[in-house]
Amino acid sequence: MENNLSYGRSNQQSDAAVLLGDLESDRAGLIERLKEPKWFAPAFGALAAVFISTPVLPETFNRGFVLTSIVMTGVLLVLGYQWVTGIKLLRFRVLEGVLFGIAILTTLFFFSVSLGLAASGLPLWIVASAIAGFLAATGLALLGASAMRERVRDVA
């Protein structure tokens, strides 16, 4: 049977210092891993821009296929983000949920603007709507990912 009293005080302190150093090293590694991938926010914005610009597509083009492709690509983006960072994007708190909701509403707003522009015979202006939607969705994706990263960083 082992006796923990046989260790001297200095030996216990050095063991504790080594353990704390290892813990700090692990924490630094976790924080480094949590850095947001550079491709995530622009890819999210590009998906929003493609969706916003769908009223430009000819009637014979299958818009449902485009929407399905956008949703599938969005799922792949989320899975790729989770794989790279280890953060599950489906566990929203209030702030992340609000930002996600704003991103969806903003994208739908710019989509409705695009529909109005297409109905008015101004299809070239849809590019401006798509660019605005891209910028808004990219910014909101950056804010949401940053909020989730800070939440995990606080716990780590």
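Computed from a predicted model, the values in this text were never measured in an experiment.

Rules used throughout
- Residues numbered from 1 in each chain as written.
- Predicted model: local features only at pLDDT ≥ 70, side-chain atom pairs only at ≥ 80, totals over all residues.
- Heavy atoms only, no water.
- Helix = DSSP H or I, 4+ residues; strand = E, 2+ residues; numbered from the N terminus.
- Buried < 20%, exposed > 50% of the residue type's maximum accessible area, 1.4 Å probe, protein only.
- Areas by Shrake-Rupley, 256 points an atom, 1.4 Å probe, with all protein chains shown as cover.
- Polar contact = N/O pair within 3.5 Å; in protein donor to acceptor, adjacent residues only side chain to side chain.
- Contact = heavy atoms within 4.5 Å.
- Expected span 1.5 Å × (residues − 1).
- pLDDT = per-residue confidence, 0-100.
- Patch = residues over 30% accessible without salt bridge, like charges linked within 9 Å, V, L, I, M, F, W, Y side chains within 5 Å.
- Salt bridge = Lys/Arg side-chain N within 4 Å of Asp/Glu carboxyl O.

(A) Spotlight on the overall build of the chain. Along its length, the chain carries 5 helices and 0 strands. Taking all 156 residues of the chain together, the buried fraction comes to 29%. A total accessible area of about 10300 Å² is found for the chain, and carbon and sulfur atoms account for 69% of it.

(B) Representation of the side chain of threonine 107 in the model. For threonine 107, the position within the fold is in helix 4 (residues 94-119). The class of threonine 107 is buried, set by a relative accessible area of 13%. There is a polar contact of 2.8 Å between the side chain of threonine 107 and the backbone oxygen of alanine 103. Those residues in contact with threonine 107 that lie beyond four places of it in its chain are Ala48, Phe51 and Ile52.

(C) Region of interest: helix 3 (residues 63-85). For helix 3, built from 23 residues, the straight-helix expectation of 33 Å at 1.5 Å per residue is met to within 8% by its first-to-last C-alpha distance of 33 Å. Turning to helix 3, its buried residues are Val66, Ile70, Leu77, Gly80, Tyr81, Gln82 and Thr85. Just past helix 3, the residue glycine 86 takes up positive phi, approximately 85°.

(D) Layout of the confidence of the model for the chain. In this model, the chain carries an average pLDDT of 82, and 82% of its residues clear a pLDDT of 70 or more. Predicted confidence in the chain is weakest over helix 1 (residues 9-33), with a mean pLDDT of 73, and strongest over helix 2 (residues 40-52), with 93.

(E) Representation of helix 4 within the structure. When the terminal C-alpha atoms of helix 4 are compared, their 37 Å separation across 26 residues agrees well with the 38 Å that a helix rising 1.5 Å per residue should span. All of the buried residues in helix 4 are Glu96, Leu99, Ala103, Thr106, Thr107, Phe110, Phe111, Ser114 and Leu117. Once helix 4 ends, the next one or two residues include glycine 121, with phi positive near 80°.

(F) The arrangement of a nonpolar patch on the surface in detail. A contiguous nonpolar patch, built from Leu67, Val71, Val75, Leu76 and Leu79 and spanning about 460 Å² of accessible area, is present on the exposed surface. Tracing the chain through its elements places leucine 76 in helix 3. Under the relative-accessibility criterion, leucine 76 is labelled exposed at 59%.

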